[in-house]
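Here is what each chain is made of, one letter per residue.
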Amino acid sequence: MADTTALAKRRYRLGLSLFLGSTRWLRWVMLAWVVLTPFLSVLLISAIETGLWTITATVFQWFVACTAGMLLYQTLPGTLAKGVTRRELTVAYLVFGVLASIGTAAIVTAGFAAEHALLAVFAEPLDTWGQTLADGARYVLIAPIYFFTGVLIGAAALRFGGNHWFTAIVLVAAAGHYAGILALEFGSYDTAVAAWAAVALAVTAVLVAGTAATLRSIPVRAKRV
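A quick note: this is a predicted structure, and the numbers were derived from the prediction, not measured.

How should I be thinking about the environment of L99 in this particular structure?
With respect to the secondary-structure elements, L99 resides in helix α3 (residues 86-122). With 62 residues separating them in the primary sequence, L99 and T37 have C-alpha atoms 23 Å apart. With sequence-adjacent residues up to four places away left out, L99 is seen in contact with L16 and F19.

Where do I start with the pattern of salt bridges in this structure?
Two side chains carrying opposite charge are able to pair once their charged atoms lie near each other. Counting across every chain of the model gives 2 salt bridges. Salt-bridge contacts for R10 lead to E88; the nearest nitrogen and oxygen are separated by 2.7 Å. Highlighted residues: R10 in helix α1 (residues 2-43) and E88 in helix α3, separated in sequence by 78 residues. Judged by its relative accessible area of 25%, R10 is partly exposed.

In this structure, what is going on with empty space enclosed by the protein? I would like to understand it.
Regions of empty space are outlined by a rolling probe, equal in size to a water molecule, passed over the atoms. The full count for this structure, using the stated rule, is 1 cavity of 30 Å³ or more. Looking at the largest cavity, its volume works out to about 30 Å³. When contributions to the lining of the largest cavity are tallied by element, the ones reaching two or more residues are α3 and α7 (193-216). The greatest single-element share of the lining of the largest cavity, amounting to 4 residues, is contributed by α7. The class makeup of the residues in the lining of the largest cavity is 6 nonpolar, 2 polar and no charged.

Got a minute to help me understand the side chain of T149 in this structure?
Here T149 is to be found in helix α5 (residues 139-160). Residue class for T149 comes out buried when judged on its relative accessible area of 6%. What T149 contacts, discounting residues up to four positions off in sequence, is W62, H177, I181 and L207.

Would you mind showing me how to read the layout of surface pockets here?
Considered as a void within the structure, the second largest pocket measures approximately 250 Å³ in volume. As for the second largest pocket, its lining consists of 13 residues, of which L152, I153, V170, A173 and A174 are closest to the centre. If you list the elements that add at least two residues to the lining of the second largest pocket, you get α5 and α6 (165-186). In terms of residues, the lining of the second largest pocket owes the most to one element, α6, which gives 7 residues. Looking at the lining of the second largest pocket residue by residue, the class counts come to 11 nonpolar, 2 polar and no charged.

Definitions and cut-offs
- In this numbering scheme, every chain counts its residues from 1 along its sequence in written order.
- Residue-level local features of this predicted model are given only where pLDDT is at least 70; pairs of side-chain atoms are given and counted only at 80 or more, and the full residue set underlies all totals for whole chains, interfaces and linings.
- For side-chain calculations, the full set of non-hydrogen atoms in the structure is used, while hydrogens and water are omitted.
- In this description a helix means any DSSP run of H or I spanning at least four residues, a strand means any run of E spanning at least two, and both kinds are numbered starting from the N terminus.
- Pairs of residues are marked as contacts when any of their non-hydrogen atoms sit within 4.5 Å.
- Salt bridges are identified by distance alone: a Lys or Arg side-chain nitrogen within 4 Å of an Asp or Glu carboxyl oxygen.
- For every residue, the accessible area obtained with a 1.4 Å probe (protein chains only) is divided by the maximum for its type, and the residue is called buried under 20%, exposed over 50%, and partly exposed between those limits.
- A 1.4 Å probe that fits into a set of points on a 1 Å grid over the protein atoms alone but cannot get out defines a cavity; an open set with protein on both sides within 12 Å along at least five of seven lines defines a pocket, and lining residues are those with an atom within 4 Å of a point.
- Grid points are joined across faces, edges and corners, and a volume is the space filled by probe spheres set on the points.
- Only Asp, Glu, Lys and Arg are considered charged, only Ala, Val, Leu, Ile, Met, Phe, Trp, Tyr, Cys and Pro nonpolar, and every remaining residue, Gly among them, polar.

Below is the structure:
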């Protein structure tokens, strides 16, 4: 019974392990970003009227997406060879994605608050406190799109990377997809919150479904001794 319970929980432990490992890998990037950006935003506010935090938040999410995609690409073949199933991997990356999205949204919201507080002291805040916190909180729905974009690209690279057309399709599709993400991220959401949230959730659902389908089609190779 104990072995069965441990096996059932393995997918969740794997997801938590992936999250903690990626956090350790990105810790210095996160520290530098969180500490330096609000101060630089105050210094450059006359030149960059939108503030630096919004811009760097977008860039940081690509670090998260690339980390998730690279982890999948580098570890998945060996993980499958050790007996972990595709279903377990799919659940693990869902857990990873939820934790990473919540963590990213929390950091982004804290950064917006720090930037607002510093601007209130040294310059002029960009918006009200309520709007500032809302701008950060909406990343709970934006961050999963970045995360699962990276994961889907990593899974597709494992499945189709040997084909000559793969790189071209990824470049073209990623460019169009990123344009859509930016439109959603920086578009107006406060006048139609429900519609905006529905679109964000729908995009995430498509990415998750695409990732799951791609993972299921990756061949399992025998573990090398």
